[in-house]
Every structure is written in C-alpha cells, then in structure tokens.
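# Architecture and fold: a report
As a plain string of letters, each chain reads:
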Amino acid sequence: MTLFAMGRRTLLAAAAATLTIAGPALAGGHQVLEKMHFLIPGGAGGGWDGTARGTGEALSKAGLVGTASYENMSGGGGGKAIGYLIENADSLEDTLMVNSTPIVIRSLTGVFPQSFRDLTLVAGTIGDYAALVVSKDSPINSMEEFLAAYRADPRGTAVGGGSVPGGMDHLVAAMVMEAAGEDPTELKYIPYDAGGKAMAALLSGEIKALSTGFSEAIALADAGEVKILGVTSDDRVPAYDTAPTMTEQGLDTTFVNWRGFFAAPGLSEEKLTAYQDAIAKMYDTPEWEEVRARNGWVNIHNSGDDFRVFLENQEKAIGDLMKKLGFL
C-alpha cells in the first residue's frame, strides 16, 4: 500500500513497506480491560476524535473493554495533549492518546519539542485516505473545475484544513497542486483547530475547499454539507463509491494517513500487553467491522517494535518530502 504518492511517483515506499494488514485475531468475547480513557489532541469533529470514539465504541460493544471514556484536549498542534501525557504519566495508566501522521510532521517542524520517542508506543490501527471537498452550494464540481478557479484567482481560492501550516492537511493539498503542475508553495492554506472549525469556514465562504480525512468527508457528504471532489485512494472506496479518485482525474496523488495509539512513558509491561491484546482482538469482531466500514477506513495493524520501525521510516521519508516542498 502506498503511503504517499506525487507527480513522478514520489513514493514513501520505505514507510509503506513496514505496514502489516491485520489478520485473524480470535476475539473470544472476553473482557481484556475494565476501562479505557481516550485522550484526543484536537477538538470535536476531527479525524482523531472519530478514530478514538470509533475504537472505543467497538472495544466496549464487543465486550473487550468494560467502559470507554473520552477527553478532547486541543492546543499546540497536538502538543498540549502530548505534554499532559508525559507530565502526568504516573496517574495516566488507563489513558490512550490517539495520534497519526502529524505527530511525525509536527515534531520535524518543531511545532512541539517532543516526538513519538517520548511516549509508549501501543499500536497503529487504521488508515484513512484524504479528500478535497467543497460546500454543497459551490459551483465547483470536479478537480478540473477547482484547478480552473485556482488558476484564475490563486489568492482567492484558499484551501483550509484542520492542521497547522506544513501539517498533514496542508501537505496533502500541496501534493495535489504539485501533481497538477502548480507550485505547491504558492497555495494559500488557512489552518483551523480540527475539522469542525474548518468546516464552518468552508460553509461561510472563508475558504473555497477543505483538505480533510476521507472518513470526515463521508460524514459531511452524508449530511448533505459538502461535495467530494477527489479522494487520495488508488481505487474508489466502497464506503462512498461516488467519490472519484485524484488519479482518475489525472492527478497522480495517493495518500493514506495512519492512525494509532500511544500511552504515557513508563507504562508497565503488563498494561501495555493488555492494550495491545485488546486492540489486536478487536479486528475480528463484527462491532469493529461496522465502525471500519462506516468510516471507509483501511485496517492497518502494527504493534510494538513494528510500530516503532514504521514511525522511524516514516519520519525519514516525510522529512525528505517536506524538504522538497519547502516546508523544512
């Protein structure tokens, strides 16, 4: 599975090669943990929020976890939650923090001083494609029409996202522009704190398009709020198969964002094993399949040392890519 692709097929093959697709897990229906508290580094309505709540829903409904609770902690591009997890490690044994590609990007760019190395790595769990959407009332109906509007008025055709400048949503939009033959560093990108605020900006006309996770785009399209111009999958996704891929519109861009879970530093081996056991068993439950299919996610499971190797490879590959695009 390709993690990134751009014009002239700039592939993050080294990162992608470390991904392993989850196989049979034999849930057995027994409870692994009494409780699990999810720390979400962004606001409501974003990809982290959906991933944490969807995972908690599956784990609790499947009986693998007794109760699941959630806490949104925005700030510092995710840095506030990471700092909180580190500073209060002794009292947060029951807490899992969700994160994704931005923990690598924001560490590289110095948005926060910590990196994944300062946390306990639990497991990578899913992949989510990216999408570019416009409001339901927009006159734009395809990537070709969006690019025409951009070329006619670059500064008046801003793209927003739920991440900081140089962050993942920005990076995906820049890759699309590069594939279209445009200078990716010239794109006017406006950042918002998570998907909810970015969506409000799209509906108000402050931005012309929104770069977001495909699962978020599906929810917004199902609610009748947006039109999906393009998705960064290799092929159309069954969860929303009316959304065209970027590739079929002549834009050589594919991308899948991993999402996974981290715990506080110094977590006991016993608790870490229990977390990893619960997540591994989750994949074989109908409760998880319902959540996964609803969101259009891809099952990507890498645990412990495999997760660490994947993150180290991605850090190098993304760093090289960001230098090429002028973000580092």
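Preceding this section is the structure that the text describes.
Please read these numbers as outputs of a predicted model, since none were measured by experiment. (Residues numbered from 1 in each chain as written. Predicted model: local features only at pLDDT ≥ 70, side-chain atom pairs only at ≥ 80, totals over all residues. Heavy atoms only, no water.)

### A few points about the overall build of the chain
Helix and strand counts for the chain come out as 11 helices and 11 strands. By the compact-globule yardstick of 20 Å for 328 residues, the chain fits well, its C-alpha radius of gyration being 19 Å. Seen through its principal axes, the chain has C-alpha atoms that stretch 60 × 40 × 35 Å. For the chain, the residues scored as buried account for 58% of the 328 residues in total. In the chain, the share of contacts with a sequence separation of at least 24, taken over all contacts with a separation of at least 6, comes to 78%. When the accessible surface of the chain is split by element, carbon and sulfur atoms take 50% of a total near 12500 Å². Counting 25 positive and 41 negative side-chain charges, the chain places the centres of these two groups 4 Å from one another. (Helix = DSSP H or I, 4+ residues; strand = E, 2+ residues; numbered from the N terminus. Rg over C-alpha atoms; globule rule 2.2 N^0.38 Å. Buried < 20%, exposed > 50% of the residue type's maximum accessible area, 1.4 Å probe, protein only. Contact = heavy atoms within 4.5 Å. Areas by Shrake-Rupley, 256 points an atom, 1.4 Å probe, with all protein chains shown as cover. Lys, Arg positive; Asp, Glu negative; His and termini not counted. Charge placed at Lys NZ, Arg CZ, Asp CG, Glu CD.)

### Side note on the pairing of strand 5 (residues 120-135)
Extensive coverage of strand 5 is indicated by the burial of 16 of its 16 residues. By the bridge criterion, 8 bridges tie strand 5 to strand 10 (residues 254-263) in an arrangement that is antiparallel. When the sheet's bridge partners are listed, Gly 127 is paired in strand 10 with Trp 258. Direction of pairing for strand 5 relative to strand 11 (residues 298-303): antiparallel, over a ladder of 4 bridges. (Pairing = 2+ DSSP bridges.)

### Some points on empty space enclosed by the protein
Considering all chains together, one arrives at 1 cavity of 30 Å³ or more under this definition. Estimated volume of the largest cavity: approximately 30 Å³. Surrounding the largest cavity, Ala 130, Ala 131, Leu 132, Val 172, Ala 173, Val 176, Ser 211, Thr 232 and Met 246 form its lining. In terms of residue class, the lining of the largest cavity is built from 7 nonpolar, 2 polar and no charged. (1 Å grid on protein atoms, 1.4 Å probe; cavity = no way out; pocket = protein on both sides within 12 Å on 5 of 7 lines; lining within 4 Å. Points joined across faces, edges and corners; volume = space filled by probe spheres on them. Nonpolar A, V, L, I, M, F, W, Y, C, P; charged D, E, K, R; others polar.)

### Some words on the pattern of salt bridges
Close approach of charged atoms allows side chains with opposite charge to pair. Following the criterion strictly, the structure yields 13 salt bridges and no others. Where Glu 248 meets Arg 236, a salt bridge forms, and the shortest distance between an N and an O atom there is 2.6 Å. In this pair, Glu 248 sits in the loop between strand 9 (226-231) and strand 10 while Arg 236 sits in the loop between strand 9 and strand 10, placing the two residues 12 residues apart along the sequence. Looking at Glu 248, the relative accessible area reads 44%, which means it is partly exposed. For Arg 236, a relative accessible area of 39% translates into the label partly exposed. Here Lys 316 ties to Asp 320 by a salt bridge, and the two come within 3.0 Å at their closest N and O atoms. Here Lys 316 pairs with Asp 320, and both are found in helix 11 (residues 305-325), just 4 residues apart, close to one helical turn. (Salt bridge = Lys/Arg side-chain N within 4 Å of Asp/Glu carboxyl O.)

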